[in-house]
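Chain residues, written in single-letter form:
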Number of protein chains: 2
Amino acid sequence: MNEARVPNLASSANPMRARPCPHNPSVSCSSCRLSDLCLPISLNKSEIVQLDEIIERNRPLRKGEHLYRQNDEFRSVFAVRSGSFKSYVLGADGQSRVTGFYMPGEIIGMDGIATRKHGVSTMALEHSSICEIPFSQLEKLSHQLPNLQSRFFAIMGNEIVKDQQIHTLLSSYTAEQRLASFLLSLSSRYARCQLSPDRFILHMTRSDIGEYLGLTLETVSRVFSALQKKELITVKNREIEIRDMPKLRAILGE
Amino acid sequence: MNEARVPNLASSANPMRARPCPHNPSVSCSSCRLSDLCLPISLNKSEIVQLDEIIERNRPLRKGEHLYRQNDEFRSVFAVRSGSFKSYVLGADGQSRVTGFYMPGEIIGMDGIATRKHGVSTMALEHSSICEIPFSQLEKLSHQLPNLQSRFFAIMGNEIVKDQQIHTLLSSYTAEQRLASFLLSLSSRYARCQLSPDRFILHMTRSDIGEYLGLTLETVSRVFSALQKKELITVKNREIEIRDMPKLRAILGE
DNA sequence: CGTAGTGTTGAATTGAATCAAGTGTCGTGG
DNA sequence: CCACGACACTTGATTCAATTCAACACTACG
């Protein structure tokens, strides 16, 4: 597997707030720059402090390292603090299928809640760090804090909604619509964590994208080229610039 | 299809048989024949009694009636007591896309938890009855009963896993694999509620199935015919008989 | 510098969609 | 009870979007 690399986002045109370093394991939820888009939303200060106590801030993962693997025992859910991840399953034929990409502030690992085993594997796409939340403790604390229970129901509900949107995307969109939707989704998620919504790095390969969207890597490449020719985006290797957001949205529209 | 909405409180004082009939609104969770595959799993007797108190058993829905519609305010989740439902969204072009089918013992409506608005519409596919569970009360009770909280986390986690499985199905299976997987899923769900796993009725149309699996209704029809010619199934209108379960499973295998 | 992984592009192929024509089924009202 | 109309379904012919197969270019890195 590949070695660690300095994450590209750090040198992006759109610098982060001057807040504690994203990889710093000693950041607390209260001081975390993601606190208003992560688990703590809608919790008050004392509740956040209690949540903070059960969270384990592990060492960062290097690119290619696994957070957990398919069939591992489920112990925790994870919040992405920095970097990005992909989740995937290995099919009977050995082919992998990507089930999701995760960015800062998003929650990973809910696939294991029901069965107590992880149904997917999850791997860092770049140098990344996470907050680990032992699920038994989260359940216990949720029982004491109605707001936290409510918040976690909402997080899971949100995951269900997103999965249904992917369902309709995969069952009726063309290749071009899928890629447009994918780029717009990344864009709004980058915006959510204060990064540029129209210039960003794809940390996943064309093949990852294809496995996620139900396309081949060749088709992903071709559609990127076509969108570039139409001047809706600029693609330079892994770097994407969205040049015409309205027209990109219009691809989904009619 | 413009049916009347179901009145939410509807305490129909309807004279019914004393024996717990699937449509009988007076059945309690404790006496319900679905209690070991529905929400109450893993709850003890006194917990079930408390759950019972917040559940509203509405009048049955006729075929084509809506349980709720896209953009309706979210108030409750629902457990299917008898019959079956489909959920669907209307796309920008007016086309509908089916996001799920629901059978007895399954929970409907979790798409509204995060946003407090329903993201899909849900319609009865046949004469059906449901238990309505007002969500605010479910949250309150979950806060008192750790087992119920845990159970509901598990139900939502299960929904997430199923959605991920659909994701991989839609992104990599052929038409034949999708239909085989669909029939096997129905089969095991019928088995779960004590019905024959190899002879059952499809209450949805070919078009519904196609919209769910990302295929046209013509392709659904053709694949059914092809599977019949191979003697894996018999299709007579809406009636399906699975004649060779192992071979049907093998279609997914490699 | 060479190698492995990643990405692009072209040509041929194909699985499913689309277009089209017809049959079957069901519920309704006469 | 039957006739009618609407909807659901089947099957065939053709088209097309995406895959597959193939060759090559770029980049990163030991």
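Scroll up a little and you will see the structure.
Residues numbered from 1 in each chain as written. Chains lettered and ligands numbered in written order. Predicted model: local features only at pLDDT ≥ 70, side-chain atom pairs only at ≥ 80, totals over all residues. Heavy atoms only, no water.

### Let's talk about the protein's contact with DNA strand D
- With respect to spatial proximity, 18 residues lie near DNA strand D, and among them Ala175 and Thr219 of chain A together with Ser221, Ser225 and Arg238 of chain B are the closest.
- Within the side chain of Arg222 of chain A, one N or O atom sits 2.7 Å away from a base oxygen of DNA strand D.
- Contacts to DNA strand D include Ser221 of chain B, whose side-chain N or O atom sits 2.7 Å from a phosphate oxygen.
- Put simply, the parts of the chain that give the surface near DNA strand D at least two residues each are helix H6 (217-229) of chain A together with helix H6 (217-229) of chain B.
- Considering every element that reaches the surface near DNA strand D, the biggest residue donor is H6 of chain B, with five residues.
- Residues belonging to the surface near DNA strand D are distributed by class as follows: three nonpolar, eight polar and seven charged. (Near = heavy atom within 4 Å. Polar contact = N/O pair within 3.5 Å; in protein donor to acceptor, adjacent residues only side chain to side chain. Helix = DSSP H or I, 4+ residues; strand = E, 2+ residues; numbered from the N terminus. Nonpolar A, V, L, I, M, F, W, Y, C, P; charged D, E, K, R; others polar.)

### Re the relation of the copies chain A and chain B
- Placing chain A over chain B gives an RMSD of 0.0 Å and needs a rotation angle of 180 degrees, together with 0.0 Å of translation along the axis. Look at the turn and shift together and you get a two-fold axis relating the two.
- When the interface residues of chain A are mapped onto chain B, 98% of them are again interface residues, pointing to one common binding face. (Least-squares fit on C-alpha atoms with pLDDT ≥ 70 in both. Contact = heavy atoms within 4.5 Å.)

### Quick notes on the pattern of salt bridges
- The full count for this structure, using the stated rule, is 22 salt bridges over all chains.
- The partner of Glu241 of chain A in a salt bridge is Arg199 of chain A, and the shortest N-O contact between them spans 3.5 Å. One end of the pair, Glu241 of chain A, is in strand E11 (residues 239-242); the other, Arg199 of chain A, is in strand E9 (residues 199-201), and 42 residues separate them in sequence.
- You can call Arg199 of chain A partly exposed: its relative accessible area is 39%.
- Here Arg59 of chain B ties to Glu65 of chain B by a salt bridge, and the two come within 3.2 Å at their closest N and O atoms. (Salt bridge = Lys/Arg side-chain N within 4 Å of Asp/Glu carboxyl O. Buried < 20%, exposed > 50% of the residue type's maximum accessible area, 1.4 Å probe, protein only.)

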